[in-house]
Amino acid sequence: MKDLTDYSLLPHNTFGIDVRCKRFVEFATVGELEAVLRSLTDDDNPLLLLGGGSNLLLTSDFSGTVIHSAIKGIEVVGETSQHVSLRVGSGEVFDDVVAYCVEKGYYGIENLSKIPGEVGASAVQNIGAYGVEVKDLIEWVDALEVKTGLPVSFSNADCQYGYRQSRFKQDWKDRFVITHVTYRLSKQFAPYLDYGNIRGALAERGIDNPTATELRKVIIDIRDAKLPDPKVQGNAGSFFMNPIVPKEKYVELAALYPDMPHYYVDEQHEKIPAGWMIDQCGWKGRALGRAGVHGKQALVLVNRGGATGNDIVNLCEAIRKDVFERFGIEINPEVNVIQGVQEIKEFRSSDNSSLFQDANV
C-alpha cells in the first residue's frame with residue numbers, strides 16, 4: 001500500500017495538469033482499503049476517488065486525500081453455454097480487459113477497445129463508444145462504503161445507469177469505493193457495426209464479416225487516427241457528451257442543416273453529435289491560449305503545453321456558449337471537473353426542460 005503526502009498528481013491525469021494533493025493513498029487489496037478507510041479523519045476531507053485520471057480535469061491543488069485502487073485480477077465467477085461472468089479488480093486497465101475478452105472468446109465488449117481508464121471508473125462513468133455502453137455488460141459492482149468501511153454489492157439496476165451517468169456520479173458520489181466489477185459477456189460473437197465509420201473502415205480492408213480480433217483492430221485504428229496520444233498531447237478523450245434532444249428540436253435543426261448527422265434514440269428523441277456542432281462553430285483546430293481543440297476531432301480538448309485546468313475550463317465555457325447561441329442546445333462536459341465544476345457556467349434556454357443530456361428521459 002502507498003501512503004504519500006504532498007504528492008504530484010501529474011502521473012494520474014491524462015490532461016497532464018501538474019497539481020498536488022495533500023495525501024495520496026493507493027490500495028491493492030480489499031483489506032488494505034478497509035485499513036485506509038479506518039485511518040481517515042476530518043483532516044483527509046475532501047476525498048477524491050481516482051481511477052486512471054482519463055476522465056478528469058484538475059483545476060488546482062487538491063486540499064484533501066486522493067484514494068486510488070490498484071486491485072488486479074480477472075476471475076470467472078459464472079458460466080453457462082451462452083455466457084460468462086468475469087469479476088475484475090477495479091485497478092485493472094480497462095483496455096487490458098477488452099483484450100483479454102477478445103482473446104478468450106468472450107464477446108460484446110470489443111467496441112469499447114482503446115478507451116483509456118480503469119475498470120472501477122467504467123462502472124462510475126458508464127463508458128461507451130461506437131454504439132456500445134458498458135452498462136449493457138455490467139452485472140454487479142462491489143464496493144466498500146467510505147463512512148462505515150462495510151462491503152456492499154450493487155446490481156446493474158441499483159446503479160441506475162444512463163448516458164455517461166450512474167448513481168456513483170450523482171447521489172452516491174464519493175460514498176463508495178469500488179473494488180470489483182462483474183461483467184457478463186457472450187460466447188456468441190454478434191458484431192455491432194452500424195455506428196460511425198466502422199463499416200467503411202472494414203470495407204477499406206476488404207472485410208465483410210469481421211472476427212472480434214479484426215473489429216477490435218479496426219476500432220483501435222479509428223481511435224488512433226482521430227484522438228491524440230495523451231503522452232504526447234494531454235487530453236481526456238471526448239470532453240463533451242452528445243446531447244439528446246426532442247424530436248421537434250431535431251426537425252427544426254434538420255430543416256436548417258440538411259446534412260446534420262444524427263442518431264435515433266427513440267420515437268421522441270434524437271442524438272446530435274456535439275463534435276459536429278463544435279466544428280460548425282469554427283472551433284476545430286483553434287486554441288484559446290494554451291488550451292485548444294484537436295484538429296481531427298472537435299470533441300477533444302487538448303493541453304497544448306503548460307495549460308492549467310482553468311485554461312481548459314475557459315475554453316470549455318467559450319465553446320458551450322457558441323454552440324448554444326447557434327443551435328439553442330446546451331452541451332455538457334463528460335469529463336469530471338474537480339474543484340472547478342462551479343466555474344462551468346450554465347447556458348440554458350428559458351425552457352430548459354426541452355433539452356436533455358441523459359438517455360434516461
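Each remark here, short or long, concerns the structure printed above.
**Student:** What should I look at first to understand the overall build of the protein in this one?
**Tutor:** The number of helices and strands found in the protein is nine helices and 20 strands. Relative to a compact globule of 361 residues, whose C-alpha radius of gyration would be 21 Å, the protein shows 20 Å and is just as compact. C-alpha extents for the protein along the principal axes are approximately 60 × 50 × 40 Å. Here the protein holds 361 residues, and 53% of them are scored as buried.

**Student:** Where do I start with the nonpolar core in this structure?
**Tutor:** When a protein is soluble and globular, its nonpolar side chains tend to lie buried together. Membership of the largest hydrophobic core comes to 47 residues, with the highest contact counts inside it found for Phe-240, Leu-301 and Ile-319. Apart from the residues within four sequence positions on either side, Ile-319 is in contact with Phe-240, Ile-278, Trp-283, Val-293, Leu-301 and Ile-331. In this structure, Ala-129, Trp-172, Ile-178 and Tyr-195 belong to the second largest nonpolar core, which totals 45 residues.

**Student:** How should I be thinking about helix H1 (residues 30–39) in this particular structure?
**Tutor:** Listed as buried for H1 are Leu-33, Val-36 and Leu-37. Angularly, the buried residues of H1 cover 95° about the axis, an arc narrow enough to put them on a single face. Of the surrounding secondary structure, the elements contacted by the buried residues of H1 are strand E2 (20–27), strand E5 (62–69), strand E10 (138–145) and strand E12 (176–186).

**Student:** Could you clarify how one ought to interpret the packing of aromatic side chains in this entry?
**Tutor:** In this description, an aromatic ring pair is defined by two values, namely the gap between the centres and the angle between the planes. Tallied over the entire structure, the rule returns 14 aromatic pairs. With centroids separated by 6.2 Å and ring planes inclined at 70°, the aromatic side chains of Phe-15 and Phe-239 adopt a geometry described as edge-to-face. Here the residue Phe-15 occupies a position in the loop between strand E1 (2–8) and E2, and Phe-239 occupies one in the loop between strand E13 (234–238) and strand E14 (244–246), the gap between them amounting to 224 residues. When sorted by exposure, Phe-15 lands in the same class as Phe-239, which is buried. Taken together, a centroid distance of 5.1 Å and an interplanar angle of 55° make the contact between Tyr-107 and Phe-189 tilted. Note that Tyr-107 is positioned in the loop between helix H2 (94–104) and helix H3 (119–125) and Phe-189 in the loop between E12 and helix H5 (198–204), a separation of 82 residues in sequence. An aromatic cluster is built from Phe-154, Phe-168, Trp-172 and Phe-176, whose rings are joined through pairwise contacts.

**Student:** It is not clear to me how the side chain of Ser-8 should be interpreted in this structure. Could you clarify?
**Tutor:** Turning to its location among the elements, Ser-8 is positioned in strand E1. Engagement of the side chain of Ser-8 in a polar contact is seen with the backbone nitrogen of Leu-10, the distance being 3.2 Å. Of note is the side chain of Ser-8, whose polar atom sits 3.1 Å from the side chain of Asp-18.

**Student:** Would you take a moment to explain H2 for this structure?
**Tutor:** Three- or four-residue spacings in an α-helix give side chains the same orientation, since the helix completes a turn every 3.6 residues. Regarding H2, the residues found buried are Phe-94, Asp-95, Val-97, Val-98, Cys-101 and Val-102. Buried residues of H2 fall within an arc of 155° about the axis and therefore sit on the same side. Buried-residue contacts for H2 involve strand E6 (74–79), strand E7 (83–89), H3, E12 and helix H6 (212–226). At the exit of H2 stands Gly-105, carrying a positive phi of roughly 85°.

**Student:** I'm lost on the packing of H2 against H6 in this one. Help?
**Tutor:** In a pair of packed helices, the angle between the axes and the distance between the axes together describe the arrangement. Put simply, H2 and H6 touch, their axes get as near as 10 Å, and they point 155° apart. When the axes of H2 and H6 are compared, the pair comes out roughly antiparallel. The chirality of how H2 crosses H6 is left-handed. Contacts between H2 and H6 involve Asp-95, Val-98, Ala-99 and Val-102 from the first element and Ala-212, Thr-213 and Arg-216 from the second.

**Student:** I tried to follow the pairing of E13 on my own but got confused; where do I start?
**Tutor:** Within a regular strand, the side chains alternate between the two sheet faces. Burial analysis of E13 places four of its five residues in the buried class, which makes it a mostly covered element. Where E13 meets strand E19 (residues 300–303), three bridges bridge the pair, whose relative direction is antiparallel. Bridging across to E19, Asn-235 finds its partner in Val-302.

**Student:** So what exactly am I meant to see when it comes to the sheet that holds E12 here?
**Tutor:** Strand pairing in a sheet relies on backbone hydrogen bonds. The paired strands run either parallel or antiparallel. One open sheet holds the five strands; their spatial order is E6-E7-E12-E10-E11, and the pairing between them is antiparallel. This sheet does not close on itself; its edge strands, each paired only once, are E6 and strand E11 (151–155). Here the strands of the sheet are splayed against their neighbours by 25° on average, with no regard to which way each runs. In this structure, E10 lies alongside E12, joined through seven bridges in antiparallel fashion. If you follow Ile-138 over to E12, its bridge partner there is Tyr-183. Sheet strands touched by H2: E6, E7 and E12. Its angle to E7, the strand with the most contacts, is close to 150°.

Analysis parameters
Residues numbered from 1 in each chain as written. Predicted model: local features only at pLDDT ≥ 70, side-chain atom pairs only at ≥ 80, totals over all residues. Heavy atoms only, no water. Helix = DSSP H or I, 4+ residues; strand = E, 2+ residues; numbered from the N terminus. Rg over C-alpha atoms; globule rule 2.2 N^0.38 Å. Buried < 20%, exposed > 50% of the residue type's maximum accessible area, 1.4 Å probe, protein only. Core = buried A, V, L, I, M, F, W, Y, C linked by side-chain atoms within 4.5 Å. Contact = heavy atoms within 4.5 Å. Arc of directions from axis to C-beta. Phe/Tyr/Trp six-rings, centres within 6.5 Å; stacked < 30°, edge-to-face > 60°. Polar contact = N/O pair within 3.5 Å; in protein donor to acceptor, adjacent residues only side chain to side chain. Axes fitted to C-alpha atoms, helices over the stretch in contact; angles between N-to-C directions. Parallel < 35°, antiparallel > 145°, perpendicular 65-115°, else oblique. Left-handed = near helix turned anticlockwise from the far one by under 90°. Pairing = 2+ DSSP bridges.

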